[in-house]
Amino acid sequence: MSPIGVFDSGFGGLTILKDLRRALPGADFLYLGDNARAPYGTRSFELVYRFTLEAVKHLFEQGCPLVILACNTASAKALRSIQQRDLAGIDPTRRVLGVIRPTVEAIAGATRTGSVGLFATPGTVASQSYDIEIAKHAPGVTVYSHACPMWVPLVENSEADGDGADYFVKKDIDALFKPNPDIDTLILGCTHYPILLNKIKKHVPAGVRILSQGEIVAASLLDYLQRHPDMNERISRGASVRYLTTESPEKFDCLASEFMQDDVRSSTVRLG
């Protein structure tokens, strides 16, 4: 087995996994959620880097030739260091990809006003990764960032459909859009946030385009594999998916089954 590894700090990366499986229905996938140490959004750069590197190494040990960091915080705080400092010493034939750059590359063709809003975790906002990547790949576009510290807990505690979600989603949307009415495109810069999409659509101003990160990342991976046929050939094709968690399987499987709209059965692993 040589599955595509998909890593997230918790459950949010499952929204990316769903789109990856649609794009590559024959491929094998191995999902790893570091639920015992989630959320990553308020963690330091050094901790996120260490946790992410541990996860990447574990997925490599399980036979993954390619790992997708389906986590904006890990992509912001750990991806570049792993690519530049660690891969050569671990295995230079393997690859680790993130979710921020594909999202940024899709922005230029999406905005008309050049004003883009970003909802993300405090860690992703503090990293300024989106600002840096937009400046490189979408010059002329201005990004207005807003941290949403309550959104991930709402999702992970199965409160995405409750009144509390309405309160916090509306509060954060108003905080971003009222001083920046020219925003016409919105990035959900955390893979948990699509679970709140109905609430977000309810309160976002009319005409604002919301980018679907899962679809963008899936399309980017297809393009990557077409440009790297050697990697494409290394991926096993059994149409299987396995789930690993650093939490108890009982806790993970219940919420993961809701995310995937399928029966999820996971195994526990220890990282570090």
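Residues numbered from 1 in each chain as written. Predicted model: local features only at pLDDT ≥ 70, side-chain atom pairs only at ≥ 80, totals over all residues. Heavy atoms only, no water.

### Considerations on the sheet that holds strand S8 (residues 209-211)
Right, on to step 1. With parallel pairing, four strands are arranged side by side in an open sheet as S6-S5-S7-S8. Of all the strands in the sheet, the pair left with one neighbour each is strand S6 (142-147) and S8. Neighbour-to-neighbour, the strand axes of this sheet turn through a mean angle of 25°, independent of strand direction. (Pairing = 2+ DSSP bridges. Helix = DSSP H or I, 4+ residues; strand = E, 2+ residues; numbered from the N terminus. Axes fitted to C-alpha atoms, helices over the stretch in contact; angles between N-to-C directions.)

### Examining the pattern of salt bridges
Right, on to step 1. Summed over the entire model, instances satisfying the criterion amount to 15 salt bridges.
Right, on to step 2. Put simply, Asp 166 and Lys 202 hold a salt bridge, and the shortest N to O gap is 3.3 Å. Here Asp 166 is found in helix H9 (residues 163-177), whereas its partner Lys 202 is found in helix H10 (residues 197-203), with 36 residues between them in sequence.
Right, on to step 3. On the basis of relative accessibility, which here comes to 56%, the residue Lys 202 falls in the exposed class.
Right, on to step 4. Several salt bridges converge on common partners, so that one network encompasses Asp 34, Arg 37, Arg 50 and Glu 54. (Salt bridge = Lys/Arg side-chain N within 4 Å of Asp/Glu carboxyl O. Buried < 20%, exposed > 50% of the residue type's maximum accessible area, 1.4 Å probe, protein only.)

### Brief notes about the pairing of strand S3 (residues 66-69)
Right, on to step 1. Judged by which residues are buried, S3 turns out to be covered on both faces: Leu 66 and Ile 68 on one side and Val 67 and Leu 69 on the other are all buried.
Right, on to step 2. One ladder, built from four bridges, connects strand S1 (residues 4-8) with S3; its direction is parallel. Bridge pairing links Ile 4 to Leu 66 in S3.
Right, on to step 3. In this structure, S3 lies alongside strand S4 (residues 95-97), joined through three bridges in parallel fashion. When the sheet's bridge partners are listed, Val 67 is paired in S4 with Val 96.

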